[in-house]
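# Structural overview
So the chains spell out like this:
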Amino acid sequence: MNDFLKKVKAGEKPVGMFIEMGSMTAAECIGRTGIDYIIIDNEHGTYEGESTLDAVRGADLGGVSPFVRVREISRAAIMKPLDVGARGLIIPFAERVEEIKNIVKWAKYSPVGMRGFCPSRKDGWGCDYPSQEPMYKGMEYWNEETLVIPQCETAGCLSHIEEIASMDGVDGIFIGPFDLSIGMGIGGQFDNPEFKSALERIKKACHDAGKFVIIFTMDPDAAPAYFAEGFDSVVVGLDIIHYINVCRDAVKRAKA
Ligand code: 3PY
Ligand code: MG
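Quick caveat, the model's predicted, so the values are computed rather than measured.

### Some details on helix H6 (residues 135-145)
Those residues of H6 that fall on the buried side of the exposure criterion are Gly138, Met139, Trp142, Asn143 and Glu145. All buried residues of H6 project into a common sector of 165° when viewed along the axis, lining one side. In this structure, the buried side of H6 is in contact with strand S5 (147-152).

### Description of the sheet that holds strand S6 (residues 172-175)
Within a sheet, each strand pairs with its neighbour through backbone hydrogen bonds, oriented either parallel or antiparallel. The sheet built from eight strands closes into a barrel, its strands ordered S1-S2-S3-S4-S5-S6-S7-S8 with parallel pairing. On average, each strand axis in the sheet is tilted by 25° relative to the strand beside it, whichever way the strands run. Here four bridges tie strand S1 (residues 15-19) to strand S2 (residues 37-41), and the two strands are oriented parallel to one another. Bridge pairing in S2 links isoleucine 19 to isoleucine 40. Most of the contacts of helix H3 (residues 49-62) go to strand S3 (residues 65-69), to which it runs at about 155°, and overall it touches S2 and S3.

### Focus on the site of ligand 1
For ligand 1, the full set of nearby residues is Phe18, Arg69, Gln151, Glu153, Gly176, Pro177, Phe178, Asp179 and Phe216. Separating an oxygen atom of ligand 1 from a side-chain N or O atom of glutamate 153 is a distance of 3.0 Å. In this structure, proline 177 approaches ligand 1 through a main-chain N or O atom, which is 3.1 Å from an oxygen atom. Considered on its own, ligand 1 offers 230 Å² of accessible surface; in the complex 96% of this is hidden by protein. Here the shell around ligand 1 gets three residues from one element, more than from any other, and that element is helix H9 (residues 177-183). Its residues assigned to classes, the shell around ligand 1 shows four nonpolar, two polar and three charged.

### Focus on the coordination of the magnesium ion (ligand 2)
Taken together, Glu153 (OE) and Asp179 (OD) make up the protein donors of the magnesium ion (ligand 2), found 2.1 Å from the metal. Of the two residues, glutamate 153 is situated in the loop between S5 and helix H7 (155-159) and aspartate 179 in helix H9; the sequence distance between them amounts to 26 residues. Since its relative accessible area comes to 3%, glutamate 153 is described here as buried. Its relative accessible area of 21% is what places aspartate 179 among the partly exposed residues.

### Brief notes about the packing of aromatic side chains
Per the counting criterion, the structure on display carries 12 aromatic pairs. Consider the rings of phenylalanine 4 and tyrosine 37, whose centres lie 4.9 Å apart with planes at 75°: the pair is edge-to-face. Taken as a pair, phenylalanine 4 in helix H1 (residues 3-9) and tyrosine 37 in strand S2 lie far apart in primary sequence, 33 residues in all. Here tyrosine 37 falls in the buried class, since its relative accessible area comes to 0%. Measuring from ring centre to ring centre gives 5.8 Å for phenylalanine 178 and phenylalanine 216, while their planes differ by 65°; the resulting arrangement is edge-to-face.

### Structural notes on the nonpolar core
Of all hydrophobic cores here, the largest spans 56 residues; its most connected members are Ile38, Ile173 and Ile202. Those residues in contact with isoleucine 38 that sit more than four places away from it in its chain are Met17, Ile19, Ala27, Ile30, Ala59, Val64, Ser65, Pro66 and Phe67. Judged by nonpolar contacts, the second largest core, of 16 residues, contains Phe67, Ile90, Leu147 and Ile214.

Each value, and the rule that gives it
Residues numbered from 1 in each chain as written. Chains lettered and ligands numbered in written order. Predicted model: local features only at pLDDT ≥ 70, side-chain atom pairs only at ≥ 80, totals over all residues. Heavy atoms only, no water. Buried < 20%, exposed > 50% of the residue type's maximum accessible area, 1.4 Å probe, protein only. Helix = DSSP H or I, 4+ residues; strand = E, 2+ residues; numbered from the N terminus. Arc of directions from axis to C-beta. Contact = heavy atoms within 4.5 Å. Pairing = 2+ DSSP bridges. Axes fitted to C-alpha atoms, helices over the stretch in contact; angles between N-to-C directions. Near = heavy atom within 4 Å. Polar contact = N/O pair within 3.5 Å; in protein donor to acceptor, adjacent residues only side chain to side chain. Areas by Shrake-Rupley, 256 points an atom, 1.4 Å probe, with all protein chains shown as cover. Nonpolar A, V, L, I, M, F, W, Y, C, P; charged D, E, K, R; others polar. Donors = N, O, S within 2.8 Å, 3.2 Å for Na, K, Ca; no water. Phe/Tyr/Trp six-rings, centres within 6.5 Å; stacked < 30°, edge-to-face > 60°. Core = buried A, V, L, I, M, F, W, Y, C linked by side-chain atoms within 4.5 Å.

Now the structure itself:
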């Protein structure tokens, strides 16, 4: 079973972080921190196809599960990170049910979707179990191993969240509080009761459908309260901001 999913099902509270630094070494080093998964950011980060591959390799070397946030909703953007070895896809601005049907079509093998089949890095170009015979076993394995996680971060997605969360092939939902609050016309008002009830609605829709829900925060100290409220996982900011903060502090202490 997918490592992240195993942890969620065991109630282990997995913690993730976006990786923006555009480097294989950054992805490898962060594996030494005890983090459960990283999200290589192709939406806001600088990653392209080959640097995504490098970061996935870095994560594998560091022993941390690599997820990728895709740049857009297209067949290539969805399929390529899976073929290089991503264990989960975060899909930004997934808004309409029709779009999410396409995401599932491109990300999951038949009979759930119509993902194109080819030996690739994910299975050692066909040399590793489970891509070997019978082929359908490999397809089943990868459908479970690679998670499809649309972001709920638009008013459109929020208004259909019960239907979206219960779709076959959608493994869980990732809440993007910045864009969701903007989409609701209350940008950045994370204490607004309307925003809080949207979070509750998304969490309930996911859990009613037997799916997990991940929430993003810039503040790692906010994570324990989110876990206590029943969110399954928390993504605690961007590597690059933690890097800046730690370096700034080192300089400040050196100059004290
Ligand atoms: C959001 O808050 O909009 C996000 O996508 C988090 O990165
Ligand atoms: Mg966003």
